[in-house]
Every structure is written in C-alpha cells, then in structure tokens.
Amino acid sequence: MEGLLLGLGLLVIIAYLWYVSLVKKRNSVREALSGIDVQLKKRSNLVPNILKIAQKFMDHEKSLLTEITELRAQVEKSYDIGDASAVKDHLVKAELLNGKMGQLMVSVENYPELKSDNTMLQAMQTYNEVEAHISAARRFYNASVTELNNAVEIFPGSIIASMANIKVMPFYEADEASKAPVDASDYLN
Amino acid sequence: MNIISFLFGARIKPKRQAKPLSAVGDELESLQAHYDEHIEPLTRKFENRRVACLKALRLRIYMSIGLFAAVLFICLLFDSTQRLVIPWPFYLLPLVPLCWWCSRPVTHYQSDVKLQVFPKIFRYFGDDFIFSPTHSMSMSTLKRSKLLPGYDKAHFDDYVQGTHRGIEIAINELALTKEVRRDKRNETKTVFNGVMVQLGCHKKFNGHTVVVRNRGSLMNFLSDSFKRLSRVKLEDPRFEKLFDVFSSDQIEARYLLTVSFMERLQELADCFSGQFQCAFYEDKLLIMLASRENRFELGSIFHGATFEYEFSQINREMRQLFAMIEVLKLDEYTGL
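Residues numbered from 1 in each chain as written. Chains lettered and ligands numbered in written order. Predicted model: local features only at pLDDT ≥ 70, side-chain atom pairs only at ≥ 80, totals over all residues.

Regarding the nonpolar core
- Core analysis: the largest hydrophobic core is formed by 91 residues, its most contacted members being Ile36 and Tyr141 of chain A together with Leu286 and Ile287 of chain B.
- When residues in this core are grouped by element, the largest group, 10 residues, is from helix α5 (residues 118–153) of chain A.
- For this core, the two domains that each supply at least three residues are domain 1 (20–120) and domain 2 (127–328) of chain B.
- When near neighbours in sequence (up to four residues on either side) are disregarded, Ile36 of chain A contacts Ile134, Ala137, Arg138, Tyr141 and Tyr172 of chain A. (Core = buried A, V, L, I, M, F, W, Y, C linked by C-beta atoms within 7 Å. Buried ≥ 20, exposed ≤ 12 C-beta atoms within 10 Å, placed from the backbone. Helix = DSSP H or I, 4+ residues; strand = E, 2+ residues; numbered from the N terminus. Domains from an automatic or database assignment. Contact = placed C-beta atoms within 7 Å.)

And the structure:
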C-alpha cells in the first residue's frame, strides 16, 4: 500500500513538473510572438513614410500602394495570442505585407528619381534594418514553437497538454511567393 | 653567432644583412617601399646599439661568473670553518640579482626597439595605427564582456590600435593567472594567455551576447558565469556543437548571429583551432583568442638589427587578425 502511495506521489510530482515545463514553453512562444509584434509595429510605423514618398513618383503602382495600406491596417488589428488559428492568420498577413513591401522595393528600381531620393534611401535602409530584426524575431519564435510542439505532440506530454489545454502553435513561414524558385533568365534578358 | 660561441668569445661585429623581407602575393613591393622609407634609416643606429649591448652583456656575464665564484668560495669556506650547514639553495641566491643585472642591456635595447621602430612598422597598416608596449585596454571593459575566466592577476603586453577597412580595431596581448592550492602549496596557474581583439561593428545593438566554446549541458546548468543572460539555441547543429551562446536579448542575438555569420564564426574557429570566443556588447565585438604564441616580438639579439624579419613577421600576424574582419564581413553593410 505504502509503495503504491509512493508511486502515485512520484507520478503526481512528475506530471506536475511536466505541466510546468509545458507552460514555460507556451509562455516562451508568447514572448517570442510579442517580440515579432514589436518588430511588426516598427515596420508598420515605417510603412506610411515610405508610401508617402513613393506616392509622389509611382503613379503606375497605385493598386500596390493601396494593397499595402490595407494589409498594414489588417496586421495592426489585435488578435487572441492563445488562439492558434488567429495567430496563424496574423502571421500570414504579416508575411503578405512583407511580400508586397518587397515588390514595392523592386518597383523602386524602375523610378530613378525615387531611387536617388535621399529620404527614400534612408527609409529603405531603416526598412532593411527592421526586416533583419523581424527575421531574427521569426527565428526565435520558430525555435520556441518547435520546442512547444515537440513537447505537446510527444507522449506523455500530449496527455498533459490536452488536460491543460495547451495546443500546438503555427510556425511563422515565408509566403508562397518567396518560396517559389527564381528564374534568373527572367531578369537577365 | 649563437649563445655558445658568444660565451666563448666570438668576435661581435655589425651585420648589415639579415633575412630578406617576405610576404604573400604581390605585397612584397609595398612592404619593401615602406621599409626603405621608414625603417631602413633606423637600422644603422640600432645595429651599433645592438653591438654595444652584446659587448656589455658579455662583459657582465664574465663579471657575474667571477663574482658568483668568489661569493660561492667565501660561503663554502665560512661554512666549513663555522659548521653552519647552509642549505644549498642559499648558495644560488646571488644568481638572482646577477641575472637581472646581466639582462639589463638587452631589455633596454629591446624596449627601445619597441618604442622607436615598432610604431614605424605599424604605420604600414595605416596612418592612424599606434603601437605601444605599455598602453592597455580597460580591464573593467574587458570584465564587462563576461568572457574572462576567474583570475587573480592580469598582465597586459603589446597594444595596437588603428582602423582597417573603416572598422576600428584594438589588439592587446593578455595573460591571466590564478593562485591555486595544490599539494598543500600555492601555485600560479595561467587561466588565459592570448590576444584580445576589439572590433567596431556596423550593426547597432543594445544587449549583450556571448559566444563561448561548448561547455556541455551539465556545466551550463551548474555554472553562473553568465548571470542575467539566457541560453540561445540556434538552428545550425554544427555551430551548436562548437559553441554555446548566451544573450540578454534572444531576438538581438539572432539578429547578430545570422546563419551566414555563424558559418563565418565556424571558419574562424577552424583557423584558430577552436580557441576562439567572442562577445557583442557596448556596440563592439570583442574576440578572445587563446594562443601560446607571443605576438609582435623582436627576433634573436644575435641577428642583425635590420628589422626585416620583425617587419615580415608582424605583417603576417596582422594579416591573420585583419582576416577576421574580412571573414566576418564586418566592413560591409550587407545586413548579414
């Protein structure tokens, strides 16, 4: 009887420690996600300035500029950090905005006046810096998500996670456009 | 001439030819031009100094041998008549001041070369390059890097400062020692011997990130060397096998240690056989290279004072250190 009680006690302690580790991992993911949001906020603050300068020169890219403005507004909307699908949706939009901004930066190449504009150059440099920080934040987030997901999906963590309502979180993935292979001949012709 | 022939009275005469300059690739021409313009004019003066120094050294050695023999004879005589039973280490005591006295001319000559010739050699790398055997990095700044192991005494040696490819560089030789108790005796143990290289960085950062040799999970768990820094797990398994990274800012650590930068750090670690650790803090990158090699040193006193060997050697050592800037691409604004 005593042995059984001792075994049960041990089991409870192990389960509790497992639970603690799962909660720590979930909080680490949340911390990483807030790190991404800080960087996304920095980018959001930068976008209007870039658009303002770009509007003066880029008459033919009106639709792209509008798309960027809309996406920026969507990315800035608040979301539930505990809801995996809301997080995924938020990250997808952030990545879409990233893709569109990338397109804008490429388009700048077609406008020599804009390209040589000092304010634009400075804004682009700052933007690149923020992008580097977003990329770093993304690596931290994905590393934390890998740890959490492994813990949540592997037995017996899966049982404790389902009891504690701790769920797998989505990765911050690159958008489809940037995953597509680049054909150099398109640019070299 | 070598030490044996020197002691047995070989003739000391000025030498005007030594090992010629050597450099890799087409650098020899510029090396020669700098040598002819700045260093060669000093060689005649220093060769005369070297000859005088060797003559003084030999004279002092002969006098010391005579003095020592006399003291030894008197002590033995006194000991045998008075039966004092003096322990034998006491007989060797007079050797200490005599050795110091004998080495004085050589140390004076060497320090004069370092003060007058070496700064001119270092000017080859840029007009803003300075060399000083007495100047040193701030110990408190080095301590703040959290890279230094526990130590009791720090001894700085040669210091070099300048700019290479727009990057500020400061190099300082450093030896750290610690008193340890072994077999009921106090011993001085060297805990670090090598070079500290401080480099400017184009990337701005506020946090503190250290990259140290892999110490194993148990050591990381038990050690408190990196208080207030948390472990950063990076994606590259080869890098993770070589190094442990700790940082006050997880995102900033990844901003600094991009995938390509990790590759470059591994390249450097391969070059310096793994004896490589670094810290990003206070807008600088501090690299700690452990090495037994004593850098920026003068060749043998028995060689002519042409300084061609020293110039070639310093150039080789500096190129090795500059290569770090090139390998790490600190001079480029690539964002990688």
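Some words on the sheet that holds strand β4 (residues 185–200) of chain B
All names here are of chain B.
- Across the sheet, nine strands lie side by side as β1-β2-β3-β4-β9-β8-β5-β7-β6; this open sheet has antiparallel pairing. The open sheet is flanked by β1 (130–132) and β6 (230–232), the only strands paired with a single partner. This sheet shows a mean twist of 20° between the axes of neighbouring strands, independent of strand direction.
- By the bridge criterion, 10 bridges tie strand β2 (residues 153–164) to strand β3 (residues 167–182) in an arrangement that is antiparallel. Pairing of Ala154 across the sheet is with Leu176, part of β3.
- Each of β2, β3, β4 and β9 (284–290) is contacted by helix α11 (residues 308–328), which is oriented at about 55° to β4, the strand it contacts most. (Pairing = 2+ DSSP bridges. Axes fitted to C-alpha atoms, helices over the stretch in contact; angles between N-to-C directions.)

Regarding the interface of chain A and chain B
- Taken together, the nine residues of chain A in the interface contact seven residues of chain B.
- The element contributing the most residues to the side of chain A that touches chain B is α5 of chain A, with eight residues.
- A breakdown of the residues in the side of chain A that touches chain B according to their chemical character gives five nonpolar, three polar and one charged. (Nonpolar A, V, L, I, M, F, W, Y, C, P; charged D, E, K, R; others polar.)

Here's the deal with the pairing of strand β7 (residues 243–247) of chain B
Residues and elements named next belong to chain B.
- Counted residue by residue, β7 has five buried out of five residues, so it is predominantly covered.
- Bridge analysis of strand β5 (residues 209–213) against β7 gives five bridges, and the strand direction is antiparallel. Across the sheet, the residue bridging to Thr209 is Ser247, located in β7.
- Of the strand pairs in this sheet, β6 and β7 are connected by three bridges, and their pairing is antiparallel. Paired with Val232 across the bridge in β7 is Val245.

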